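A closer look at the structure
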Protein chains: 2
Amino acid sequence: MTDGRHGVHQPRVGVVGGGQLARMLTHAGERLDLEVRILAKPSDTSMRGHDPLVTVGDPDEPGVLDAFAATVDVVTFENELVDLDVLRALEARGVAVRPGSHVLAMSNKATQRRALAALSLPLPPFVVTTEASGVEKFAAEHGWPLVVKSATGGYDGRGVHMVDDAGGLATLGFDGSEFVVEPMLDIELELAVLVARRPGGDTVTFPVVETVQRRGMCREVHAPAGVSSETERAARHLGESIAASVDAVGVLAVELFVVDGEVLVNELAPRVHNSGHLTIEANDTSQFEQHLRAVADLPLGSTSLRVPAATMVNVVGDTTDVDPRDRLAEGMAAGDAAIHLYGKAPRPERKIGHVTSCGPDRATAHRDAASVAAALMNEPV
Amino acid sequence: MTDGRHGVHQPRVGVVGGGQLARMLTHAGERLDLEVRILAKPSDTSMRGHDPLVTVGDPDEPGVLDAFAATVDVVTFENELVDLDVLRALEARGVAVRPGSHVLAMSNKATQRRALAALSLPLPPFVVTTEASGVEKFAAEHGWPLVVKSATGGYDGRGVHMVDDAGGLATLGFDGSEFVVEPMLDIELELAVLVARRPGGDTVTFPVVETVQRRGMCREVHAPAGVSSETERAARHLGESIAASVDAVGVLAVELFVVDGEVLVNELAPRVHNSGHLTIEANDTSQFEQHLRAVADLPLGSTSLRVPAATMVNVVGDTTDVDPRDRLAEGMAAGDAAIHLYGKAPRPERKIGHVTSCGPDRATAHRDAASVAAALMNEPV
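Since this is a predicted model, take the numbers as computed values, not measurements.

Notes on the interface of chain B and chain A
In this complex, chain B contributes 56 residues to the contact, which on the side of chain A involves 56 residues. For the pair chain B and chain A, the interface holds two salt bridges. In this structure, Arg23 of chain B engages Asp33 of chain A in a salt bridge whose closest nitrogen and oxygen atoms are separated by 3.5 Å. Applying the counting rule to chain B against chain A returns 16 residue pairs in polar contact (both at pLDDT 80 or more). Residues of the side of chain B that touches chain A, tallied by class, amount to 24 nonpolar, 12 polar and 20 charged.

In structure tokens form, the structure reads like this:
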């Protein structure tokens, strides 16, 4: 089952993290015969069936990441939950870590906001504080309600708090850790732009998409975004500026708000991203292949949409005992969409799959994607 | 790394054969969280990285296929090189074998031709014979040169002989085995149509494609075929008639000749097929997913092209020591195409990969696919 010549001349890519993003990176790598190895936690179930390429271990435990790095030529990430000191030690030893620890440091939302502010990019008004009094001072200027985000540990809406008044601060637990505080913006539209960048600086940018969030979690993505060419240009420019300024390598996802016609940077993720899942079906090169090309320092591919319109809808666990893996027939019968399930057991508010529909226009793509996702969860559309 | 609930409610699909078709079936299954197990020969290298789902063994050895069948709910095939008696024994024990042994029996070209003739379908003139005198008798009626095909064991041009005159028959080695004899037709165009059919008879048909052969091996496929609607209808009708008449289950590939404006059946393959590789990128549902849906008796998907045009070009080993796995950078730089490499060492006339380009028209798609395939093999376009 082996072929000795394989992988001799192409970089072997090691991905830290074993969730659905790792799985989709693995698929992109297999198609190219590019060796993609995964460092997964014991609790990760998305990589079942790929054992020879999967190392099970916790990257934060001493030696685990070092040993993994020794089996590959470049280390990359499917999530930002990695100890930066461990990464810096790897880099100091000459391991190719892409993106670098300085980019992953921006997974701390306070660090990220300060870095973006230093670049003079359009941002929402914000303050970073460790104390309730800091929030109250910001409220005196911007009014209640406010959005208070933990600098670390948040994703998919976790760690983000809507606070109506000073009384609501008691539950946040100020323990010296940082929070990013913002006003509740009147957001017209949320957008995302994905940029892929090689170590030498070659960069490609995907068409801007519209994202739809609910309870802090991305639920739907529409391509193209359907915005004016001015907004599209502004969004692309922000993505490209940030990627170059922070010397990102790989895919960098930039989430954006449109407020009063202006495009503001919401936040970054230095990795493949939920807003890019529809690129598998809808674009000439998927974000997953693009990320592998970038971190392996291979030529980047076309980012063009190859269909008129595409919609992605996430499949999210709920409080019922419905498992979409039991409902493939219902999902397939409900419309034309590519179903992606991640090998994960359903739990409330857990992303366990997504569906993408390509169509002649957004309404058609949206209808099919929403119908299939709803049928998989036995929910009304 | 396991999740106990997985696969409890969906059929587990067992694929006999471990080449690139098995690998692409595996990818389609993973996306759907549908368990696809593979019975691969020790020499198969395309399934590297999937060991937990791969059984290594020769299906013709006693007990191997039985043991494999016991681990899945339905048995299907990525090639036709399976002992029919073993399959019949499985069927007799109630194992779901899809397509059934009566369909796989048609991998014998003599059996296939007789079956198609019995259906009164438009075929090239032919005779089945075991003797040189049979060929000479056919030549007396149709003239030389003739095409003489071994009834068994042929693929990718192997087992097919162009014979210029009676003197050329000596090398064929008539040993009692059957040959199908045909005139050298003046073929205007070669087409292929893929039909997917569920056990109950539900059927979908992919848009007809044009195939380009060289030395008996498929080299290029173009979608859409660009034929008249009359020819398209005739081709689809032939595919659907055959699938229904022989009670095919899964994907059935029907290769067709256009001669004097008439569509003739060339031959069948009761499985996913090289002519359908471009469906991964170009169609709403790929042939691989469609085959899994069909054999697992799940609703079939849309077969529509989601792009204006697509071209697939095979990457075929040659007599140099060029290995496309060493030339990803050159291939990626040569044009916009999805590169698929199969984990196979290059050997002359061995299919080791393919590339598919989607574009606004055939000329653009063809140019990119041909450029990328040529660059991967370091050949002139």
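Points about the sheet that holds strand 4 (residues 74-77) of chain B
All names here are of chain B. The sheet built from five strands is open, its strands ordered 3-2-1-4-5 with parallel pairing. The outermost strands of the open sheet, each flanked by one partner alone, are strand 3 (54-56) and strand 5 (96-97). The pairing of strand 1 (residues 13-16) with strand 2 (residues 36-40) spans four bridges and is classified as parallel. Bridging from a neighbouring strand, Val13 pairs with Val36 of strand 2. Contacts between helix 1 (residues 20-31) and the sheet are confined to strand 1 and strand 2, with strand 2 contributing the most and set at about 165° to the helix.

Re the pattern of salt bridges
Using the criterion set out here, one finds 43 salt bridges over all chains in the structure. Arg93 of chain A is the salt-bridge partner of Asp66 of chain A, the closest N and O atoms lying 3.5 Å from each other. Residue Asp66 of chain A is found in helix 2 (residues 64-69), and its partner Arg93 of chain A is found in the loop between helix 3 (84-92) and strand 5 (96-97); the two are separated by 27 residues along the sequence. By relative accessible area, Arg93 of chain A is classed as exposed at 52%. Measuring nitrogen to oxygen at the nearest pair gives 2.8 Å for the salt bridge that ties Asp323 of chain A to Arg325 of chain A. Each member of the pair, Asp323 of chain A together with Arg325 of chain A, is buried. Each of Lys109, Arg113, Lys149, Glu182 and Glu267 of chain B takes part in salt bridges that share partners, so that together they form one network.

With respect to helix 11 (residues 362-376) of chain B
All names here are of chain B. The terminal C-alpha atoms of helix 11 lie 21 Å apart, and with 15 residues this matches the ideal 21 Å at 1.5 Å per residue to within 8%. Buried positions along helix 11 lie against strand 16 (309-316), helix 10 (328-333), strand 17 (338-341) and strand 18 (351-359). Structurally, the start of helix 11 carries an N-cap: the backbone nitrogen of Ala363 is 3.3 Å from a side-chain oxygen of Asp361.

Comments concerning the sheet that holds strand 7 (residues 146-150) of chain A
Residue and element names in this part refer to chain A. Read across the sheet, four strands follow the order 6-9-7-8 without closing on themselves; strand pairing throughout is antiparallel. Sheet topology places strand 6 (127-129) and strand 8 (160-163) at the edges, where each strand pairs with a single neighbour. Neighbour-to-neighbour, the strand axes of this sheet turn through a mean angle of 25°, independent of strand direction. As judged from the five bridges shared by strand 7 and strand 9 (residues 179-183), these two strands associate in the antiparallel manner. For Leu146, the partnering residue across the bridge sits in strand 9 and is Pro183. Here helix 5 (residues 109-118) sits on the sheet in contact with strand 6, strand 7, strand 8 and strand 9, set at roughly 60° to strand 9. Against the sheet, helix 6 (residues 132-142) touches strand 6, strand 7 and strand 9, its axis set at about 15° to strand 9.

As for the pairing of strand 13 (residues 217-223) of chain B
All names here are of chain B. Taken across its seven residues, strand 13 has seven buried, putting it largely inside the fold. The pairing of strand 12 (residues 209-214) with strand 13 spans five bridges and is antiparallel. Residue Thr211 lies in a different strand from strand 13, and its bridge partner there is Val221. The turn linking strand 12 back onto strand 13 is made up of two residues, and Arg215 within it adopts a positive phi angle of 50°.

Brief notes about the relation of the copies chain B and chain A
Between chain B and chain A, which share one sequence, the superposing operator has a rotation angle of 180° and an axial displacement of 0.0 Å; the RMSD is 0.0 Å. Seen this way, the second copy is the image of the first under a two-fold rotation axis. Across chain B, the smallest distance between a C-alpha and the rotation axis is recorded for His50 of chain B, namely 2.3 Å. Looking at chain B, 100% of its interface residues are interface residues in chain A too, so the copies touch through the same face.

What to know about the packing of aromatic side chains
The tally for this structure, following the rule as stated, stands at two aromatic pairs over all chains. Its guanidinium or amino end placed over the ring of Phe126 of chain A, Arg113 of chain A lies 5.3 Å from that ring's centre, counting from NZ or CZ.

Examining the environment of Asp165 of chain A
Residue and element names in this part refer to chain A. One can find Asp165 in the loop between strand 8 and strand 9. Of the residues examined, Asp165 reaches a relative accessible area of 40% and is grouped as partly exposed. Residues Asp165 and Val64, spaced 101 residues apart in sequence, show a C-alpha to C-alpha distance of 45 Å.

Considering the state of the cysteines
Here the structure, examined in full by the defined rule, presents zero disulfides over all chains. Unpaired in this structure, Cys218 of chain A has its nearest cysteine sulfur neighbour in Cys358 of chain A, at a distance of 16 Å. Here Cys218 of chain A falls in the buried class, since its relative accessible area comes to 8%. No disulfide involves Cys358 of chain B; its sulfur sits 11 Å from the nearest other cysteine sulfur, which is in Cys358 of chain A.

Structural notes on the packing of helix 1 of chain B against helix 9 (residues 287-295) of chain B
Residue and element names in this part refer to chain B. Remark: helix 1 packs on helix 9, axes separated minimally by 8 Å, with the N-to-C direction vectors making an angle of 70°. Our classification of the angle between helix 1 and helix 9 gives roughly perpendicular. Two secondary-structure elements touch here, helix 1 through Leu21, Met24, Leu25, Ala28, Gly29 and Arg31 and helix 9 through Phe288, Glu289, His291 and Leu292. For the contact of helix 1 with helix 9, the per-class residue count stands at six nonpolar, two polar and two charged.

Cut-off values and rules
What you see as residue numbers is a count from 1 along each chain, following the sequence as written. Working convention: letters from A go to chains and numbers from 1 go to ligands, in the order in which they are written. The model is predicted, so local features are restricted to residues of pLDDT at least 70 and side-chain atom pairs to those at 80 or more, both for listing and for counting; the totals for chains, interfaces and linings are taken over all residues. Hydrogens and waters are ignored; side-chain quantities use all the structure's heavy atoms. Note on definitions: a residue-residue contact is assigned when non-hydrogen atoms from the two residues lie within 4.5 Å. By salt bridge we mean one thing: a side-chain nitrogen of Lys or Arg within 4 Å of a carboxyl oxygen of Asp or Glu. For the purposes of these results, a polar contact is taken to be a pair of N or O atoms within 3.5 Å, where, inside protein, one atom must be able to donate a hydrogen and its partner to accept one; residues adjacent in sequence count only when each atom of the pair is a side-chain atom. Classification convention: Asp, Glu, Lys, Arg as charged; Ala, Val, Leu, Ile, Met, Phe, Trp, Tyr, Cys, Pro as nonpolar; all other residues, Gly among them, as polar. DSSP calls a pair of strands paired once it identifies at least 2 bridges connecting them. Labels follow the DSSP assignment, with helices taken as runs of H or I lasting at least four residues and strands as runs of E lasting at least two, numbered in each case from the N terminus. Lines fitted to the C-alpha atoms define the axes, with helices restricted to the stretch that makes contact. Angles between their N-to-C directions range from 0 to 180 degrees. Between buried and exposed lies partly exposed: a residue is buried under 20% and exposed over 50% of the maximum accessible area for its type, with that area taken using a 1.4 Å probe on protein chains only. By this rule the span expected of a helix is its residue count minus one, scaled by 1.5 Å. For the least-squares superposition of copies, only C-alpha atoms count, and only for residues with pLDDT at least 70 in both. Only the six-membered ring of Trp is used, alongside the rings of Phe and Tyr, when aromatic pairs are assigned; centres must lie within 6.5 Å, and planes under 30 degrees apart are stacked while those over 60 apart are edge-to-face, with the rest tilted. Counting as a charge over the ring demands two things of the Lys NZ or Arg CZ atom: a distance within 6 Å of the ring centre and an angle within 35 degrees of the ring normal. Pairs of cysteine sulfur atoms within 2.5 Å are what we label disulfides. Roughly parallel covers angles under 35 degrees, roughly antiparallel covers those over 145, roughly perpendicular covers 65 to 115, and oblique covers all other angles.

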